[in-house]
Amino acid sequence: METMKIGEVAKQSGVGIETIRYYEREGLLAVPKRRPSGYRQYDASVLARLQFVRRTKELGFTLAEIKDLLGLWFDRSSKCVHVRDHARAKISDIESKIRTLQQMKRSLQKVIRQCESRNSLQECPLLEGLDGKPSRTSNRR
């Protein structure tokens, strides 16, 4: 089986060298064997694992969650239902984040409406709200 150095793996996978080293430290990638020269040597299977990590990150999974999924991938007793449970939990997490983002959007829209009737920077409700102090203009309107 042909092996690759870390630079070759980085180039073929599109993942940076430092990221590959980080994934090794975090247990997402197996610690590779070393050549007598000390260089890491990887086989082609690391490319599939890096692709898996990249794709799951794109779907919003954290590195800890990805590590769990990788554990399922290599556990012969795991079943699809286990992976499906992780996916459902991620959907729930995403839906919660969407609700939070929608609330943030509504709050910003409210401040924008308040700003429309103000001219002076000293009366700007957005800037006043960001300083953590009660708004001087909140009673106006």
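Everything quoted here is computed from the prediction, not taken from an experiment.

Participant: So what exactly am I meant to see when it comes to the packing of aromatic side chains here?
Facilitator: By convention here, two paired aromatic rings are described through the distance between centres and the angle between planes. One pass over the structure, following the stated rule, counts three aromatic pairs. Aromatic ring contacts, followed pair by pair, group Phe52, Trp73 and Phe74 into a single cluster. Looking at lysine 5, its charged tip hangs above the ring of tyrosine 39, at a distance of 4.6 Å from the centre. Lying across the ring of phenylalanine 61, lysine 90 places its NZ or CZ 5.7 Å from the centre.

Participant: I would appreciate a short explanation of the nonpolar core in the present structure.
Facilitator: When a protein is soluble and globular, its nonpolar side chains tend to lie buried together. Within the largest apolar cluster, 19 residues are counted, with the highest numbers of intra-cluster contacts made by Val9, Ile20, Tyr23, Val46 and Leu50. Only α1 (6–13), α2 (17–26), α3 (45–58) and α4 (63–74) provide two or more residues apiece to this core.

Participant: I would appreciate a short explanation of the packing of α1 against α2 in the present structure.
Facilitator: Between two packed helices, both the angle of their axes relative to each other and the distance between the axes serve to describe the pair. Relative to each other, α1 and α2 sit at 105°, their axes nearing to 9 Å. Taken together, the axes of α1 and α2 lie roughly perpendicular to each other. Here Ile6, Gly7, Val9 and Ala10 of α1 come into contact with α2, specifically with Ile17, Ile20 and Arg21. Of the residues assigned to the contact of α1 with α2, the class counts are five nonpolar, one polar and one charged.

Participant: Explain the side chain of glutamate 24 to me, please; I cannot follow it from the model alone.
Facilitator: Turning to its location among the elements, glutamate 24 is positioned in helix α2. For glutamate 24, the side chain forms a polar contact with the side chain of arginine 40, separated by 3.0 Å. Beyond its immediate stretch of four places on either side in the chain, glutamate 24 contacts Leu29, Ala30, Pro32, Arg40 and Tyr42.

What counts, and at which threshold
- Residues numbered from 1 in each chain as written.
- Predicted model: local features only at pLDDT ≥ 70, side-chain atom pairs only at ≥ 80, totals over all residues.
- Heavy atoms only, no water.
- Phe/Tyr/Trp six-rings, centres within 6.5 Å; stacked < 30°, edge-to-face > 60°.
- Lys NZ or Arg CZ within 6 Å of the ring centre and 35° of its normal.
- Core = buried A, V, L, I, M, F, W, Y, C linked by side-chain atoms within 4.5 Å.
- Buried < 20%, exposed > 50% of the residue type's maximum accessible area, 1.4 Å probe, protein only.
- Helix = DSSP H or I, 4+ residues; strand = E, 2+ residues; numbered from the N terminus.
- Axes fitted to C-alpha atoms, helices over the stretch in contact; angles between N-to-C directions.
- Parallel < 35°, antiparallel > 145°, perpendicular 65-115°, else oblique.
- Contact = heavy atoms within 4.5 Å.
- Nonpolar A, V, L, I, M, F, W, Y, C, P; charged D, E, K, R; others polar.
- Polar contact = N/O pair within 3.5 Å; in protein donor to acceptor, adjacent residues only side chain to side chain.

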